[in-house]
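The primary structure of each chain is shown beneath.
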Amino acid sequence: MSTTVESLSERSAAEVNEEIRALWLRSGGTLSVEQRAVYQRLVLEWAAAPSSVEAA
């Protein structure tokens, strides 16, 4: 599993955030080692994702 930002999709930050929330809900609040790897990948994707909020 790659954790490089270059290989991540072009989803919005809101879309990635929804996946992060779903991961936490499925896990019951405690992530397994495998889930932590997914979480780390999602956080990197979220940080690189375009925001859906435009600057004023």
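You'll find the structure just up there.
Remember, predicted model here, so these are calculated numbers, not experimental data.

Thresholds applied
- Residues numbered from 1 in each chain as written.
- Predicted model: local features only at pLDDT ≥ 70, side-chain atom pairs only at ≥ 80, totals over all residues.
- Heavy atoms only, no water.
- Helix = DSSP H or I, 4+ residues; strand = E, 2+ residues; numbered from the N terminus.
- Buried < 20%, exposed > 50% of the residue type's maximum accessible area, 1.4 Å probe, protein only.
- Contact = heavy atoms within 4.5 Å.
- Areas by Shrake-Rupley, 256 points an atom, 1.4 Å probe, with all protein chains shown as cover.
- Phe/Tyr/Trp six-rings, centres within 6.5 Å; stacked < 30°, edge-to-face > 60°.
- Axes fitted to C-alpha atoms, helices over the stretch in contact; angles between N-to-C directions.
- Parallel < 35°, antiparallel > 145°, perpendicular 65-115°, else oblique.
- Left-handed = near helix turned anticlockwise from the far one by under 90°.
- Expected span 1.5 Å × (residues − 1).
- Arc of directions from axis to C-beta.

**Student:** Looking at this structure, I do not really get the overall build of the protein chain. What am I missing?
**Tutor:** Within the protein chain, the secondary structure is distributed over 2 helices and 0 strands. Of all 56 residues assigned to the protein chain, the portion counted as buried reaches 23%. Expressed as a percentage of contacts within the protein chain between residues at least 6 apart in sequence, the contacts between residues at least 24 apart total 63%. Of the roughly 4200 Å² that the protein chain leaves accessible, carbon and sulfur atoms contribute 55%.

**Student:** What should I look at first to understand the packing of aromatic side chains in this one?
**Tutor:** Following the criterion strictly, the structure yields 1 aromatic pair and no others. Ring centres of Trp24 and Tyr39 lie 5.6 Å apart, and the angle between their planes is 75°; on these two criteria the pair is classed as edge-to-face. On the criterion of sequence distance, the pair formed by Trp24 in helix H1 (residues 13-27) and Tyr39 in helix H2 (residues 33-48) is long-range, its members being 15 residues apart. Classification of Trp24 by relative accessible area gives partly exposed; the value is 32%.

**Student:** So what exactly am I meant to see when it comes to the packing of H1 against H2 here?
**Tutor:** Packed helices, taken two at a time, are described by the angle between their axes plus the distance between the axes. Two numbers describe how H1 lies on H2: the axes approach to 9 Å, and their chain directions differ by 160°. By the angle between their directions, the pair H1 and H2 is classed as roughly antiparallel. Considering the relative orientation of H1 and H2, their crossing is left-handed. Only Gln35, Val38, Tyr39, Arg41, Leu42, Val43, Glu45 and Trp46 of H2 make contact with H1, whose side of the interface consists of Ala13, Val16, Asn17, Glu19, Ile20, Leu23, Trp24 and Ser27.

**Student:** I tried to follow H1 on my own but got confused; where do I start?
**Tutor:** Along an α-helix, a turn takes 3.6 residues, which lines up residues three or four apart on a common side. With 15 residues, H1 extends 21 Å between its outermost C-alpha atoms, agreeing within 8% with the 21 Å of an ideal straight helix rising 1.5 Å per residue. Restricting attention to buried positions, one finds in H1 the residues Ala13, Val16, Ile20, Leu23 and Ser27. Angularly, the buried residues of H1 cover 85° about the axis, an arc narrow enough to put them on a single face. In this structure, H1 carries Glu18, Arg21, Leu25 and Arg26 as exposed residues pointing more than 90 degrees from its buried face. Phi for Gly28, located one or two positions after H1, is positive at around 75°.

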